[in-house]
Amino acid sequence: MNRRFILPIDEKYEIKVNYFIDSVANHIFNTSDFFYIHQTERAFYFQLCKKNSEIVLGTIHFTEVASDLFKSPTKGTFGGFVIQENIDFNVYEQFIRTVDDYLWSIGAKKIEVIMQPMCHNPSLFSLTYNIMIRLGYVVENHELNYNLVVDNICFSAKINHGNRKRLNKCLREDFTAKELDYSVYDQAYSVILENRIRRGFIFSMKYEQILRMVSTFPDKMKFFGVFHKDIIVCSSICVVINPFILYVYAWGDIDNMQNYSPITLLANYIYEYAQKKAFKLLDLGTSTILGEPNIGLMQFKKNLGCQESLKLSFSKYSKIMITNNK
């Protein structure tokens, strides 16, 4: 496992496989630490580099999640290709082509790639789409993602009238929001889990898995909560995707909070936190499941000032599988 080798591209560039070189141009789900958590027997960490150097220009990892099915990422919100800004288009295409060729050469029957939402990097999204479609990939799934631009405008000016009223009511009623410390992470998780169960949704990560992420990425996992009379009534788990993007992985409130909607106060606090930490984008996640819209959730995020953005999953089947399916 993790055998090192090099895939040549041309006289200037090569792909180092399983070298795990530190890279500035990356997001949390493409880091070697995240790769280590979920790797299987056949897993590959591809890094585009200048020849005979450790200057990383691009990264992606693939893991065999079932027999001859390779996926980026194994688990996680998204994976996909990450590259440095202003990389030559031909070099980027050769990076993707070489990785694609290698996976087929070792017997892949299907390749899946979950891309970052378009809002994270519209240029990278567009370039990748163009290359992968021409390589024979198809859009396996399409979701609507919601993001909030972080700038100098205050949160209350971005939200609708109803949410401003809810925000002011929470403040009048002495609800308080703050960043949480480790001692109450379990309470924060329980609030979200119970909220999901109550609404008939599945929470994909167990508490032990959350703690493993906290242990692996102590500076990138952020917990926030809202309290009323020393009782936690609302909480969130956020992930620092990169220095510019903060992702609200999950949030929820306890039962019988309809008259207050402390989520609005929590969103306000997270937005102000993002302002102070110089994030440029708050990612509030998808509001569709397998492309089907959750109208209530979509409207909720729109009322918080969010914008829509596409999040795509690509797949490609081997010619053998296509022939057999026919």
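Keep in mind it's a predicted model, so treat the numbers as computed, not measured.

**Student:** Describe the overall build of the chain, naming the residues involved and giving the relevant values.
**Tutor:** Counting its regular elements, the chain contains 10 helices and 16 strands. For 326 residues, the compact-globule formula gives about 20 Å, and the C-alpha radius of gyration of the chain, at 21 Å, lands near that figure. By its C-alpha atoms, the chain is 65 × 45 × 35 Å across when sized along the principal axes. When the 326 residues of the chain are sorted by exposure, 53% land in the buried category. Here the contacts in the chain between residues at least 6 apart in sequence split such that 72% fall between residues at least 24 apart. A total accessible area of about 15,800 Å² is found for the chain, and carbon and sulfur atoms account for 51% of it.

**Student:** How would you explain helix 8 (residues 262-276) if you had to name every residue and give the values?
**Tutor:** Under the 1.5 Å per step criterion, the end-to-end length of helix 8 is 21 Å for 15 residues, consistent within 8% with the ideal 21 Å. Summarising burial for helix 8: 11 of the 15 residues are buried, a large majority. Within helix 8 the residues assigned to the buried category are Pro262, Ile263, Thr264, Leu265, Leu266, Ala267, Asn268, Ile270, Tyr271, Tyr273 and Ala274. Ala278 sits one or two residues past helix 8 and shows a positive phi near 65°.

**Student:** Mind laying out the pairing of strand 3 (residues 43-50), listing which residues take part and the relevant values?
**Tutor:** Of all the 8 residues making up strand 3, 7 are buried; the element is thus mostly covered by neighbouring parts of the structure. The pairing of strand 2 (residues 13-17) with strand 3 spans 5 bridges and is antiparallel. Following the sheet pairing, Lys16 is matched in strand 3 by Gln47. Looking at chain direction, strand 3 and strand 4 (residues 56-66) are connected through 7 bridges and run antiparallel.

Conventions and cut-offs
Residues numbered from 1 in each chain as written. Predicted model: local features only at pLDDT ≥ 70, side-chain atom pairs only at ≥ 80, totals over all residues. Heavy atoms only, no water. Helix = DSSP H or I, 4+ residues; strand = E, 2+ residues; numbered from the N terminus. Rg over C-alpha atoms; globule rule 2.2 N^0.38 Å. Buried < 20%, exposed > 50% of the residue type's maximum accessible area, 1.4 Å probe, protein only. Contact = heavy atoms within 4.5 Å. Areas by Shrake-Rupley, 256 points an atom, 1.4 Å probe, with all protein chains shown as cover. Expected span 1.5 Å × (residues − 1). Pairing = 2+ DSSP bridges.

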